[in-house]
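# Reading the structure
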Amino acid sequence: MSPRPAYRAYLCLLITATLLYAAYHLVPGPDLGVATVPARIPQPGYVREDFGGWAPGTREKVKDAQLVNGLLYDPYARSPAPARVEVDHVFPLAAAWDLGAAAWPREKKLAFANDPLNLVATDRALNQAKSDLLPADWLPPAGRCDYALRLAAVARKYQLPLPARDYQAMRHQCRFDFIVQRR
């Protein structure tokens, strides 16, 4: 028996794997409709309190909105949330400051900091790991396309640009979105 059929099967498998690998890494993903800037440049003077703190009841409303059958659902982990939960700003306040919020009036900063679109209840450890990072440096362990789409929605709503490398990381998370037809 000739080894040719086995060699051909191996070659077809290798070509298929190479094409899949290339598609996975080269398909950019959808246009998210967000303006970009070359990089995030830290702006002096950031103080979290400039965003006014939490409006009464905001954190409780966020947690209530994420209840599923009596359990708090964590969109970053796509599972029930653990006991230690914090409310995260999807678009971090410090990043917003660096990307234009430093010039906003106090009322707009307060609205941004308490906007339900920009808030999710998540595991304390995930929130702490994220800190003020954007998608090129941090992504949730699950629901990455949903996270990218939500961050883009916040950026559009508040007309905040995103650094180009973060925008590309976000597009990459949704590169096969057309398969599941989310939009």
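Predicted, not measured: the structure shown is a model, and the values here were computed from it.

In this section: the state of the cysteines. Using the criterion set out here, one finds 1 disulfide in the structure. In this model Cys 145 forms its disulfide with Cys 174; the gap between the sulfur atoms is 2.1 Å. In this structure the cystine formed by Cys 145 and Cys 174 twists about its S-S bond by roughly 115°; its chirality is therefore right-handed. Remark: Cys 174 occurs in the loop between helix H7 (164-173) and helix H8 (177-180) and Cys 145 occurs in helix H6 (residues 144-157); sequence separation between them is 29 residues.

Time to look at the sheet that holds strand S2 (residues 67-68). Taking strand neighbours across the sheet as the criterion, the 3 strands line up as S2-S3-S4 in an open arrangement whose pairing is antiparallel. On the outer flanks of this sheet lie S2 and strand S4 (79-80), each paired with one strand and no other. Examined bridge by bridge, strand S3 (residues 71-74) and S4 share 2 bridges and lie antiparallel to one another. Each residue of the ladder has a partner; that of Asp 74, found in S4, is Ser 79.

Attention now moves to the nonpolar core. Of all hydrophobic cores here, the largest spans 34 residues; its most connected members are Phe 91 and Phe 112. Breaking this core down by element, the ones donating at least two residues are helix H3 (93-98), helix H4 (106-114), H6 and H7. The biggest single contributor to this core is H6, with 8 residues. Formed by 7 residues, the second largest nonpolar core is a distinct cluster that contains Val 62, Leu 72, Ala 81 and Ala 121.

What counts, and at which threshold
Residue numbers run consecutively from 1 along every chain, following the written order of its sequence. Local features in this predicted model are restricted to residues of pLDDT 70 or higher, and side-chain atom pairs are both shown and tallied only at a pLDDT of 80 or more, whereas totals for entire chains, interfaces and linings draw on every residue. As a convention, hydrogens and water are excluded, and side-chain values are obtained from all of the structure's heavy atoms. The disulfide definition used here is simple: a pair of cysteine sulfur atoms within 2.5 Å. Where helices and strands are cited, they refer to DSSP runs of H or I of at least four residues and of E of at least two residues respectively, numbered from the N terminus. Between any two strands, pairing holds if DSSP finds at least two bridges. By convention a nonpolar core is built from buried Ala, Val, Leu, Ile, Met, Phe, Trp, Tyr and Cys residues, the set being connected through side-chain atoms within 4.5 Å. Burial status follows relative accessibility: with a 1.4 Å probe on protein chains alone, a residue under 20% of its type maximum counts as buried, one over 50% as exposed, and anything between as partly exposed.

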